[in-house]
Amino acid sequence: MAEITLDGQKVEIADGSMVMHAADKAGVYIPHFCYHKKLSIAANCRMCLVDVEKAPKPMPACATPVTNGMIVRTRSDKAIKAQQSVMEFLLINHPLDCPICDQGGECQLQDLAVGYGGSASRYEEEKRVVLHKDVGPLISMEEMSRCIHCTRCVRFGQEVAGVMELGMVNRGEHSEITTVLGDTVDSEVSGNMIDLCPVGALTSKPFRYSARNWELSRRKSVAPHDSSGANLIVQVKSNRVMRVLPLENEAVNECWLADRDRFSYEALNGDERLAAPMVKQGGQWQTVDWQTALEYVANGLKHVKDEHGSQGIGLLASPHATVEELFLAGALVRGLGSGNIDHRLRHAQFTAEGVRWLGTSIASLSDLQGALVVGSNLRKDHPLFSLRIRAATRKGARVARIHDVDHDWAMPLAASHTVPASQWAQVLADIATVIAGEKSGTAPAQGKATDTARSLAAALLSGERRAILLGNAAAHHANASTLLALAQWIGEATGATVGYLTEAANTVGAQLVNAMPGQGGFNAAQMLDGRLKAAILLNVEPEFDTAAGASAVAALGKADMVVTLSPFKANMAFSDVLLPIAPWTETPGTFVNAEGRVQSFHAVVKPLGEARPAWKVLRVLGNMMGLEGFDYESAMDVLTAARGAQDAQQQMVQGDKLSNRTGARADVSAQSGTPATAAIYQLDPIVRRAPSLQLTADGQAALPPAARATHDGREEVLA
């Protein structure tokens, strides 16, 4: 530790730290542009110049190491004059267009110019002009004359996203940030560059010119897509979501956000929103009131129960639904005497052992020293987990991968083995055989100590902090229990944690409230093979959200009644009733992320039209059918019941509830097909309807060729 004197106060800071770090610790603000706590030090803006005693000239606080006894003054005349001089140079070429700049009101340069800028400019020559660049549907680079060359966006791509899509060319005042070859910015976390930009050079295309910063109210929420549970700030104007930004939480999402969490809000304001209940009469859709629609559903369910028995009724629930919605969905189905409920829509094997979870904390992924990832396109399936594991590789972690496609993870891999999904179990058995030889043990299944197996095993045989992570394809695998059994043995032999990179926003929560079949109940695959006479779909679009795909649509078309609860006009070809439910921005609820963290959130806007929170719809439906236990008055009451305790603030997840242990036998001989997984922007109904996300390279890649559009808008996505 070193002790320095900063503006008259003593500050103790670790050796190797910079003056800027000491200032942060002491709560002293030093003006800066290029410095960011999550990026490497560039020291190229020079705005953070401070007065260091005995130094012949002002020194950059972000790049000056502390030494014991150092005396630093951040507000002396020498420091202030240096900072004012830097500001004058920064403003020489900066356009004077604050009134029309989309960054106005939240611009770091604008704020600091008030304190350090002059009242008039001495610069009389022509200002430089930088031509705009089209880098895709998410980021606007139309005003690059505003760029001050802080290089935050460049360093973010290099160090955090793993892809250097932007760089700086030329020198001096001719320097500019560009993609060089005119490419698009296609990273799945590219929107963070907008947050990092301290001026109006990089702005959000979907948000551009739609509202001013000071017109927006800010509400906290939780990301509704993958299992990271990223914390959000949702910005609202006139009861309309205008923008979504990250809320810093070091234990969950740090200060980053995946693009699908940032830009998917566009779907909530789209034309496909369902604003009122609808009933199909004579093959034609009719808009009705809630009483009529719910009576129609209640009478239809009673008729099916009387004609075919309770076993003819089933409910398929999205794992993106809230804890409250899933709890009441289960109560409704079981209240009708049926055990047919499931959230495991893309699974091929169904077991009821334990509550599958990450097996470790999200924050610990950043400090792994070894990892084996099985069946995951990590970068696209779990963008924020990928950032943490990429950070671990920068510190020397060895990451190995087994998958059926050689995806680009934008990180160095110690070993990678690309084989069909049917061979994953055998590859794990081979790894177990290698480890058994190293540990003088007996492998759980017969394997061969191949060179490939040795290279994959090496990632788990060195270092102290190790993890085996099973991805979406491993969870949905037809031989998932064998993969877990082999991973469990390898984990115990190497001291590695074993866990699932769970697919959806509330996969863990769905397991905790038992949104799965009861004794004798049908699982998702069985419900979609034509057995149901009445199906309730809670935010599910079977063609896209289930492993059955198109065959599920055909099977449901034969049912006597299909009820769809969705924020969108979905499943209209085979549904009989559409009930408009509120999406995550319009309802209170709770998600449980991959590490078992319980995060509740409030509605940030009022429901659109006649839409209602799904938990209220299920509650009223239960009351109309005369079922007990449907007298909740708030979402908190439902959460309390789901937790099985009076105190709604106590931790839902007890240590004995989360478990990845299995008693299954490792059967490497079982055959299996390709697991069902979703592309990054096809994961759920909201991202599928977000226009800007669908225009990205990842969004276009998931569409058939005839439906693709170019980034510049010369072609449009076909309806």
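Just so you know, the residues in each chain are numbered from 1, in the order the chain's sequence is written. In keeping with the predicted nature of the model, local features appear solely for residues at pLDDT of at least 70, side-chain atom pairs appear and are counted solely at 80 or more, and the whole-chain, interface and lining totals rest on all residues. Computation of side-chain values: all heavy atoms of the structure, hydrogens and water removed.

### What to know about the overall build of the chain
Tallying secondary structure elements over the chain gives 23 helices and 27 strands in all. Computed over C-alpha atoms, the radius of gyration of the chain comes to 28 Å, within 12% of the 27 Å expected from 2.2 N^0.38 for 719 residues, which places it in the range of a compact globule. If one aligns the C-alpha atoms of the chain with their principal axes, the spans along those axes are about 90 × 70 × 55 Å. In this scheme, a residue with accessible area under 20% of its type's maximum is buried, one over 50% is exposed, and one in between is partly exposed, where area comes from a 1.4 Å probe on protein chains only. Burial status across the chain gives 59% buried among its 719 residues. If you sum the accessible surface of the chain, you get close to 28,700 Å²; carbon and sulfur atoms cover 49% of it. Counted as positive: Lys and Arg. Counted as negative: Asp and Glu, with His and the chain ends omitted from the count. Every charge is mapped onto a representative atom, which is NZ of Lys, CZ of Arg, CG of Asp or CD of Glu. Distance between charge centroids for the chain: 3 Å, based on 68 positive and 77 negative side chains. Helical segments are the DSSP runs of H or I of at least four residues, strand segments are the runs of E of at least two, and each set is numbered from the N terminus. A radius of gyration in this sense is built from C-alpha atoms; the matching globule rule multiplies 2.2 Å by the number of residues raised to 0.38. Computed with the Shrake-Rupley method and a 1.4 Å probe, the accessible areas treat only the protein chains shown as cover for residues.

### A look at the UniProt feature "domain: 4Fe-4S His(Cys)3-ligated-type" (unreviewed entry) in the chain
UniProt positions are given in the numbering used here, feature names are shortened, and annotations may be inferred rather than shown by experiment. Under the present numbering, the feature "domain: 4Fe-4S His(Cys)3-ligated-type" (unreviewed entry) in UniProt falls on residues 78–117. Helix makes up 60% of residues 78–117 and strand 0%. Its end C-alpha atoms lie 16 Å apart.

### Let's talk about the pattern of salt bridges
The rule for a salt bridge is simple: a side-chain nitrogen of Lys or Arg has to be within 4 Å of a carboxyl oxygen of Asp or Glu. Applying the stated criterion across every chain yields a total of 35 salt bridges. Put simply, Arg379 and Glu188 hold a salt bridge, and the shortest N to O gap is 2.9 Å. One end of the pair, Arg379, is in helix H9 (residues 378–381); the other, Glu188, is in the loop between strand S9 (176–178) and helix H5 (192–196), and 191 residues separate them in sequence. Given a relative accessible area of 7%, Arg379 falls into the buried group. The class of Glu188 is buried, set by a relative accessible area of 1%. The residue Arg454 makes a salt bridge to Asp451 at a minimum N-O spacing of 3.3 Å. Highlighted residues: Arg454 and Asp451, both in helix H12 (residues 451–457), separated by three residues, approximately one helical turn. When its relative accessible area of 63% is taken as the criterion, Asp451 is described as exposed. Each of Glu272, Arg346, Glu503, Glu541, Asp545, Arg688 and Arg689 takes part in one network of salt bridges that share partners.

### A short note on helix H10 (residues 383–394)
Taking 1.5 Å of rise per residue, the twelve residues of H10 would be expected to cover 16 Å, and the 17 Å separating its terminal C-alpha atoms lies within 8% of that figure. Where burial is concerned, most of H10 is hidden: ten out of the twelve residues are buried. For H10, the set of buried residues is Pro383, Leu384, Phe385, Ser386, Leu387, Arg388, Ile389, Arg390, Ala392 and Thr393. Contacts are assigned to residue pairs that have any heavy atoms within 4.5 Å of one another. Looking at the buried side of H10, the elements it contacts are helix H4 (152–161), helix H6 (259–263), H9, strand S19 (398–403) and strand S21 (466–470). Two residues or fewer after H10 comes Gly396, characterised by a positive phi angle close to 105°. By definition here, a helix of n residues has an expected span of 1.5 Å times n minus one.

### Considerations on helix H1 (residues 19–26)
Three or more residues of H1 are buried, namely Val19, Met20, Ala22 and Ala23. Down the axis of H1, the buried set is contained in an arc of 160°. They therefore lie on one face. Where the residues of H1 are buried, they touch strand S1 (2–6), strand S2 (9–13), strand S3 (49–52) and strand S5 (71–73). By arc we mean the arc of the directions from the helix axis to the C-beta atoms, nothing more.

### Some remarks on the sheet that holds strand S7 (residues 139–141)
Pairs of strands are assigned from DSSP output, requiring at least two bridges between the strands. Taken together, the three strands give an open sheet; going across it, the order is S6-S7-S10, and neighbouring strands pair in antiparallel fashion. At either margin of the open sheet sits one strand with a lone partner, and together these are strand S6 (133–134) and strand S10 (203–204).

### A few points about the UniProt feature "domain: 4Fe-4S Mo/W bis-MGD-type" (unreviewed entry) in the chain
Following the UniProt record, the feature "domain: 4Fe-4S Mo/W bis-MGD-type" (unreviewed entry) maps to residues 216–272 here. When the span residues 216–272 is considered, its composition is 9% helix and 35% strand, and the gap between its end C-alpha atoms is 25 Å.

### Examining the pairing of strand S16 (residues 313–317)
Across the five residues that make up S16, a large majority, five, are buried. The pairing of S16 with strand S23 (residues 534–538) spans five bridges and is classified as parallel. Note that in S23 the partner of Leu315 across the bridge is Ile536. Inspection of the sheet shows S16 paired to strand S17 (residues 341–342) by two bridges, in the parallel sense. From the neighbouring strand, Leu315 faces S17, where its bridge partner is Ile341. Since S16 and S17 lie parallel, the crossover through helix H8 (residues 323–335) that links them has a hand, and here it is right-handed. We call a crossover right-handed when, viewed with both strands directed away from the observer, the connection leading from the first strand over the helix to the second proceeds clockwise.

### A closer look at the packing of helix H2 (residues 77–92) against helix H3 (residues 108–116)
When two helices pack together, their arrangement is captured by the angle between the axes and the distance separating the axes. Working convention: axes come from line fits to C-alpha atoms, limited for helices to the stretch in contact. Angles between N-to-C directions cover 0 to 180 degrees. Contact geometry of H2 with H3 gives a least axis separation of 10 Å together with a crossing angle of 130°. When the interaxial angle is binned, H2 and H3 end up oblique. In this structure, the crossing between H2 and H3 has a hand that is left-handed. Touching Ile80, Gln83, Gln84, Met87 and Leu91 of H2 are Leu109, Leu112, Ala113 and Tyr116, all from H3. For this classification, under 35 degrees means roughly parallel, over 145 means roughly antiparallel, 65 to 115 means roughly perpendicular, and everything else is oblique. Crossing handedness is defined as follows: a turn of the near helix away from the far one that is anticlockwise and smaller than a right angle gives a left-handed crossing, while the clockwise case is right-handed.

### What to know about the sheet that holds strand S11 (residues 217–222)
Sheet architecture is open: three strands sit in the order S11-S12-S13, paired in antiparallel fashion. Whereas interior strands pair on both sides, the edge strands pair on one side only; in this sheet they are S11 and strand S13 (240–246). Recorded for the sheet is a direction-independent mean angle of 30° between the axes of neighbouring strands.

### Structural notes on the nonpolar core
The criterion is simple. A nonpolar core is a set of buried Ala, Val, Leu, Ile, Met, Phe, Trp, Tyr and Cys residues joined through side-chain atoms within 4.5 Å. Within the largest apolar cluster, 76 residues are counted, with the highest numbers of intra-cluster contacts made by Phe33, Met47, Ile139, Phe156, Leu166 and Leu202. When neighbours within four sequence positions are excluded, Leu202 is seen to be in contact with Ile139, Ser140, Met141, Met144, Cys153, Leu166, Met193, Ile194 and Cys197. Listed in part, the 52 residues of the second largest apolar core include Ala293, Trp357, Tyr632 and Ala635.

### Structural notes on the environment of Ala678
If you trace the backbone, Ala678 turns up in the loop between helix H20 (635–643) and helix H21 (685–688). Since its relative accessible area comes to 19%, Ala678 is described here as buried. Each C-alpha atom of the pair Ala678 and Ala410 lies 20 Å from the other, and the pair is 268 residues apart in sequence. Those residues within four positions of Ala678 in sequence are excluded, and the remaining contacts are Arg346, Asp381 and Leu683.

### Let's talk about the packing of helix H11 (residues 424–439) against helix H14 (residues 480–494)
It is at 10 Å that the axes of H11 and H14 come closest, and there the two elements cross at 20°. Considered as vectors, H11 and H14 are oriented roughly parallel to each other. Along this stretch, H11 crosses H14, giving a crossing that reads as left-handed. For the pair H11 and H14, contact is made by Trp424, Ala425, Leu428, Ala429, Ile431, Ala432, Ile435, Ala436 and Lys439 and by Thr482, Leu483, Leu486, Trp489, Ile490, Ala493 and Thr494, respectively. Note that Gly is not counted as nonpolar here; it falls among the polar residues with everything else outside the nonpolar set of Ala, Val, Leu, Ile, Met, Phe, Trp, Tyr, Cys and Pro and the charged set of Asp, Glu, Lys and Arg. When grouped by side-chain class, the residues that make up the contact of H11 with H14 number 13 nonpolar, two polar and one charged.

### Here's the deal with the layout of surface pockets
Remark: the empty space left among the atoms is shown by a probe the size of a water molecule rolled over them. As defined here, a cavity is a set of points on a 1 Å grid over the protein atoms alone where a 1.4 Å probe fits but cannot get out. A pocket is an open set with protein on both sides within 12 Å along at least five of seven lines, and residues line them when an atom is within 4 Å of a point. Grid points are joined across faces, edges and corners, and a volume is the space filled by probe spheres set on the points. There is about 880 Å³ of room inside the largest pocket. Secondary structure elements with two or more residues in the lining of the largest pocket: H5, S10, strand S12 (231–237), S13 and H6. Considering every element that reaches the lining of the largest pocket, the biggest residue donor is S13, with four residues. Residue composition of the lining of the largest pocket, by class: 14 nonpolar, eight polar and nine charged. Of the pockets and cavities examined, the second largest pocket occupies roughly 700 Å³. In this structure, the second largest pocket is lined by 30 residues; those nearest its centre are Glu272, Glu541, Phe544, Arg688 and Arg689. Listing elements by their share of the lining of the second largest pocket, those giving two or more residues are helix H17 (542–545) and helix H22 (691–694). A per-element tally of the lining of the second largest pocket places H17 first, with three residues.

### Examining empty space enclosed by the protein
Per the stated rule, a full pass over the model turns up seven cavities of 30 Å³ or more. A volume near 410 Å³ is recorded for the largest cavity. Lining the largest cavity are 25 residues, and of these Arg344, His347, Arg356, Ala475 and Gln511 sit closest to its centre. Put simply, the parts of the chain that give the lining of the largest cavity at least two residues each are helix H13 (472–475), H14 and helix H15 (507–512). Residue contributions to the lining of the largest cavity peak at three residues, all from H14. Grouping the amino acids of the lining of the largest cavity by side-chain chemistry returns nine nonpolar, eleven polar and five charged. If you add up the space inside the second largest cavity, you get close to 200 Å³. Around the second largest cavity, the lining is made up of 20 residues, and of these His320, Ala321, Asn539, Pro583 and Trp584 lie nearest the centre. A class-by-class count of the residues in the lining of the second largest cavity yields twelve nonpolar, six polar and two charged.

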